[in-house]
Amino acid sequence: MTWATDFLGPFALTAGYSDVGRWPRAADRYGRFELLQANEGHTALDDPRAEKSYSGAKAYIAAKTADLVFAVELERRLRAQGSSVRSLAAHPGVANTPMQQSASSMPERILAKVLSIALGRTPQAGALPMLYAAVAGDAPAGRFLGPR
């Protein structure tokens, strides 16, 4: 569900509305990208229903990395076509929200809570990178926009 919600859904919506060429086997291509290895050397596409093993944290990291890879590739394709549309990837960093309670195991929930207390930002501060990407005409495309 994490992979579908955090990557495949946005990918399908964006690819369906973009005019930047075909995306043949794109989900497979990006899912097998070296950085996306989520579970002991396997990608989310090797076990899409998480029947062999599941880690909420690893699934989240794999999906967000896929989002970043897709954003960079989309930006490359847009530039190649001379489009004025830009592709930006933004992330709030660690925000102190109730999301940490949705972790799949008690150790992951504890770690998420400790990190959110130690490093977490307010939800309002977490929203700033997305707002910046949405409204700043000079926001750099083709790279990660985060809390800093």
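Residues numbered from 1 in each chain as written. Predicted model: local features only at pLDDT ≥ 70, side-chain atom pairs only at ≥ 80, totals over all residues. Heavy atoms only, no water.

A. Spatial organisation of the overall build of the protein. Looking only at helices and strands, the protein features five helices and two strands. Taken from N to C terminus, the helices and strands of the protein fall in the order α-α-α-β-α-α-β. For the protein, the proportion of its 148 residues judged to be buried stands at 32%. Total accessible area on the protein is roughly 9,400 Å²; 61% of this is exposed by carbon and sulfur atoms. (Helix = DSSP H or I, 4+ residues; strand = E, 2+ residues; numbered from the N terminus. Buried < 20%, exposed > 50% of the residue type's maximum accessible area, 1.4 Å probe, protein only. Areas by Shrake-Rupley, 256 points an atom, 1.4 Å probe, with all protein chains shown as cover.)

B. View of helix α5 (residues 123-135). With 13 residues, α5 should reach 18 Å at 1.5 Å per residue; the first-to-last C-alpha distance of 18 Å fits that figure. The sharpest bend along α5 measures roughly 30° and falls at Pro129. When α5 is considered as a whole, its buried residues turn out to be Gly126, Pro129 and Ala133. Those residues of α5 that are buried lie in contact with β1 (89-90) and β2 (144-145). (Expected span 1.5 Å × (residues − 1). Bend = angle between axes of the 7 residues up to and from the residue. Contact = heavy atoms within 4.5 Å.)

C. Inspection of the nonpolar core at higher detail. By size, the foremost hydrophobic cluster in this structure holds 10 residues: Trp3, Phe7, Phe11, Ala15, Ala62, Ala63, Ala66, Phe70, Leu74 and Leu78. The set of elements that each furnish at least two residues to this core consists of α1 (2-17) and α3 (56-80). Considering every element that reaches this core, the biggest residue donor is α3, with six residues. (Core = buried A, V, L, I, M, F, W, Y, C linked by side-chain atoms within 4.5 Å.)

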